[in-house]
Amino acid sequence: MSQSAFDRAAQTPITWAVLIFYLTIAMLTFPDTDAALRWEHRLWLQPYLVADGEPWRLISYAFVHGGLLHLLLNSVALAWIGPSLEAELGSLRFSVLYVVAAIGGGLCVGLTNHPLQPVVGGSGALFGMMGAAVALHSRAGDSLLEFAGHHGPRRLLSLIAINLVLGFVIPMISNAGHIGGLIAGATVTMVFFRFGTWHPRLRLQLAVAAAGIGLCMHAVWPVTRWDYLTLRAEAATDPVEQRRLQSAALLSAQASGQLMDKLMFDGDEERRERRR
Amino acid sequence: MPTTIARVRAPLRVTWIPAGLAALWLVGAWPLLLLVLHWRDPEAAVHFQAHSELWLARAGWTALLAALLLAVVYPPFVPAIRYSWNRLLARLRAERTPLRQARAELRGFESAPRHLDAGRAALAAHEFEAALAHLQRSLELEPGQVAASYLQGTALLALDRPREAVAPLQRAVELDPAHAFGGAMLLLGRAQMCAGDHARAAEVLTRHSREHGGNRKSHFWLGQCRLKLGDARGARQAFEVAAAAPPPRPRLTAEEAYYRARARTALWTVGGAGPAGGDA
């Protein structure tokens, strides 16, 4: 007897939970109201806000979308790849994968994007799922590269390549998020998940974990970035400390060619009000 | 196949795995380092980051220019990259199923042929320590096997243990001089050469050339042995054979191209003009 849609959905609950979360957040953020705008501001990823003590944004941005088309595309992609991947990995590992891929995308945005540039969308996590699918194919094959000889995995690789090219061509798309998510998803599946007789080496796991923790530290405490230094200078009570931090912030802004942005950041009274 | 796996000093031998792990640890330690610097002096941390990025960029450009220069002035450079790339692909394409199957069969019943199969499969999968264990067990159960001795020597060479590889390869050659189409003899010569016994290595490699025709690799190794023995003329002859111009078809394999290039370079120091013609 064939299963009903509900029975099938119950076997992959996380995928559908994420989808429902997408829709819920969309209902909160899509209306053209002040409240919706505040919700969006509270959840989107801006690297300077992560450095200002709001690290949850490294995950929350993955559930916010910039418009109906954005939501539709990501929802369709999730519905396409999510259930089969969750069935293969199990719900717990799938949840870990989604979170790690979202964080990976966020870290890459934090490392490469302008500190004030906001980013939203679940596509970093979706790229992570595609990376995980590639890793699964690789591990399931008779050799690490055997999967590349099969039609299905090659189509997946083509899809990833096309999306990356689109990300470079279309300015609205944050390819940093895509690439970070892709690498994070593939890495966590290849290095940390145990399948059958596959036992990843402990020294590799430790090294990858160390790199991941280091990158997270750099996103949360970007001590050489002008926005972080400016925020610390504003919070400092000691005038000497304040001057040192402001001087370092100016130096950093000059080095990164973002001096004008820093000056505008300094003069942004609305931002200071929100902080208070 | 074993002759391409067994090598003692691979071209461009960079220990990729430890280097990769070290790079990952560096990525993890870098923010910590910056944090410590920042606590002491925020400006110093910014300076340090900016200078590090600058030096990294400079190092990258310098490495690129050095690579371009090497590609022009040092013939083995490009063939070495091609050879290393091919071996990396071969490693990534190494099949795991035969080893799994061989091990499953061993669980049911242990025998010399099954251990031999497992050893062969482990060698193909680049698991040299495991291969050695299976082959040793196979020889314990049934001494005097040519294939097991040959593969044991191959595994020992791949593990950088040439002195230990001499005995099993010697045994294989004594039992069957033509084993693996002369592969056993070739690897014996190589093992003796790496173990420092150049005289014996030269004898074996000369015999290999006489009985099995030799190839660019064997002639290059023979040239190196003769150089070590002070026979410059003999070395030049061997290098010239290795460096001979390739036929128009088929194209030289990556290994042949590499050894040809090395022989051409060796001729510069030994003396005597190398044959004209580019590397394949």
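Conventions adopted
- Residues numbered from 1 in each chain as written.
- Chains lettered and ligands numbered in written order.
- Predicted model: local features only at pLDDT ≥ 70, side-chain atom pairs only at ≥ 80, totals over all residues.
- Heavy atoms only, no water.
- Helix = DSSP H or I, 4+ residues; strand = E, 2+ residues; numbered from the N terminus.
- Contact = heavy atoms within 4.5 Å.
- Areas by Shrake-Rupley, 256 points an atom, 1.4 Å probe, with all protein chains shown as cover.
- Lys, Arg positive; Asp, Glu negative; His and termini not counted.
- Charge placed at Lys NZ, Arg CZ, Asp CG, Glu CD.
- Buried < 20%, exposed > 50% of the residue type's maximum accessible area, 1.4 Å probe, protein only.
- Axes fitted to C-alpha atoms, helices over the stretch in contact; angles between N-to-C directions.
- Left-handed = near helix turned anticlockwise from the far one by under 90°.
- Nonpolar A, V, L, I, M, F, W, Y, C, P; charged D, E, K, R; others polar.
- Expected span 1.5 Å × (residues − 1).
- Core = buried A, V, L, I, M, F, W, Y, C linked by side-chain atoms within 4.5 Å.
- Buried area = accessible area lost by both parts, 1.4 Å probe.
- Salt bridge = Lys/Arg side-chain N within 4 Å of Asp/Glu carboxyl O.
- Parallel < 35°, antiparallel > 145°, perpendicular 65-115°, else oblique.

Peer 1: Kindly report on the overall build of chain B, identifying the contributing residues and their values.
Peer 2: A tally of regular secondary structure across chain B gives 14 helices and zero strands. Listing each helix as α and each strand as β along chain B from the N terminus yields α-α-α-α-α-α-α-α-α-α-α-α-α-α. With respect to the principal axes defined by its C-alpha atoms, chain B has extents near 75 × 60 × 35 Å. Within chain B, residue pairs in contact and separated by at least 24 positions form 57% of the contacts whose partners lie at least 6 positions apart. Counting every atom, chain B has about 14900 Å² of accessible surface; 61% of that belongs to carbon and sulfur. Positive and negative side-chain charges in chain B, numbering 34 and 23 respectively, have mean positions lying 5 Å apart.

Peer 1: So, the overall build of chain A: which residues are in play, and what are the values?
Peer 2: Along chain A, the regular secondary structure elements total 15 helices and zero strands. On the principal axes, the C-alpha backbone points of chain A span a range of 70 × 45 × 35 Å. A buried classification covers 46% of the 276 residues belonging to chain A. Put simply, 71% of the contacts in chain A that link residues at least 6 apart link residues at least 24 apart. Approximately 14000 Å² of chain A is accessible, and the part contributed by carbon and sulfur atoms is 67%. With 21 positive and 20 negative side-chain charges, chain A shows a spacing of 7 Å between the two charge centroids.

Peer 1: Go over the side chain of A:N74 with me, naming the residues and quoting the values.
Peer 2: Residue and element names in this part refer to chain A. Looking at where N74 falls in the secondary structure, it is placed in helix α6 (residues 68-89). On the accessibility criterion, N74 (7% relative accessible area) is buried. Look past the residues within four positions of N74 in its chain and what remains in contact with it is Y22, H65, G121, G122, S123 and L126.

Peer 1: Mind laying out the packing of helix α11 (residues 198-212) of chain B against helix α12 (residues 216-228) of chain B, listing which residues take part and the relevant values?
Peer 2: Residues and elements named next belong to chain B. Remark: α11 packs on α12, axes separated minimally by 9 Å, with the N-to-C direction vectors making an angle of 145°. Like other packed secondary-structure pairs, α11 and α12 cross with a definite hand, here left-handed. Contact residues: α11 offers H198, A201, A202, L205, T206, H208 and S209, while α12 offers S218, H219, W221, L222, C225, R226 and K228. Each residue belonging to the contact of α11 with α12 can be placed in one class, and the counts come to six nonpolar, six polar and two charged.

Peer 1: Tell me about helix α9 (residues 151-169) of chain A, residues and numbers included.
Peer 2: For α9(A), which comprises 19 residues, the first-to-last C-alpha distance of 27 Å matches the rise-based estimate of 27 Å (1.5 Å per residue) to within 8%. Summarising the contacts, the buried residues of α9(A) are in contact with α6, α8 (123-140) and α10 (175-192) of chain A.

Peer 1: How would you explain the nonpolar core if you had to name every residue and give the values?
Peer 2: A:Y22, A:L85, A:L97, A:Y98, A:M129 and A:I160 are the most contacted members of the largest nonpolar core, which totals 46 residues. For this core, the secondary-structure elements that each account for two or more residues are α2 (13-29), α6, α7 (91-112), α8, α9 and α10 of chain A. Here the element with the most residues in this core is α8(A); it accounts for nine residues. Apart from residues no more than four positions distant in its own chain, A:M129 is found in contact with A:L78, A:I81, A:G82, A:L85, A:F94, A:L97 and A:Y98. The next biggest cluster of nonpolar side chains, apart from the first, holds 33 residues, and it includes B:A122, B:V173, B:M185 and B:A191.

Peer 1: Now, about the interface of chain B and chain A: what can you tell me, with residues and values included?
Peer 2: Across the boundary between the two partners, chain B contributes 28 residues, which contact 31 residues of chain A. When the two sides are added together, the surface that chain B and chain A hide from each other amounts to roughly 2500 Å², 69% of it contributed by carbon and sulfur. Taken as a group, B:V46, B:L92 and B:R96 account for 24% of the area that chain B buries against chain A, more than any other trio of residues on that side. Linking chain B to chain A there are zero salt bridges. Of all the secondary-structure elements, those providing two or more residues to the side of chain B that touches chain A are α2 (16-40), α3 (42-73), α4 (77-92) and α5 (97-108) of chain B. With twelve residues, α2(B) is the single largest residue contributor to the side of chain B that touches chain A.

Peer 1: So what's going on with the packing of α8(A) against α9(A)? Which residues, and what values?
Peer 2: Residues and elements named next belong to chain A. In contact at an axis separation of 10 Å, α8 and α9 are set at 150° when each is read in the N-to-C sense. Classed by the angle they form, the pair α8 and α9 counts as roughly antiparallel. As α8 runs across α9, the sense of the crossing is left-handed. Facing F127, M130, A133, V134 and H137 of α8, the residues of α9 in contact are P153, L156, L157, L159, I160, N163 and L164.

Purely spatial values, then, with no claim about function.
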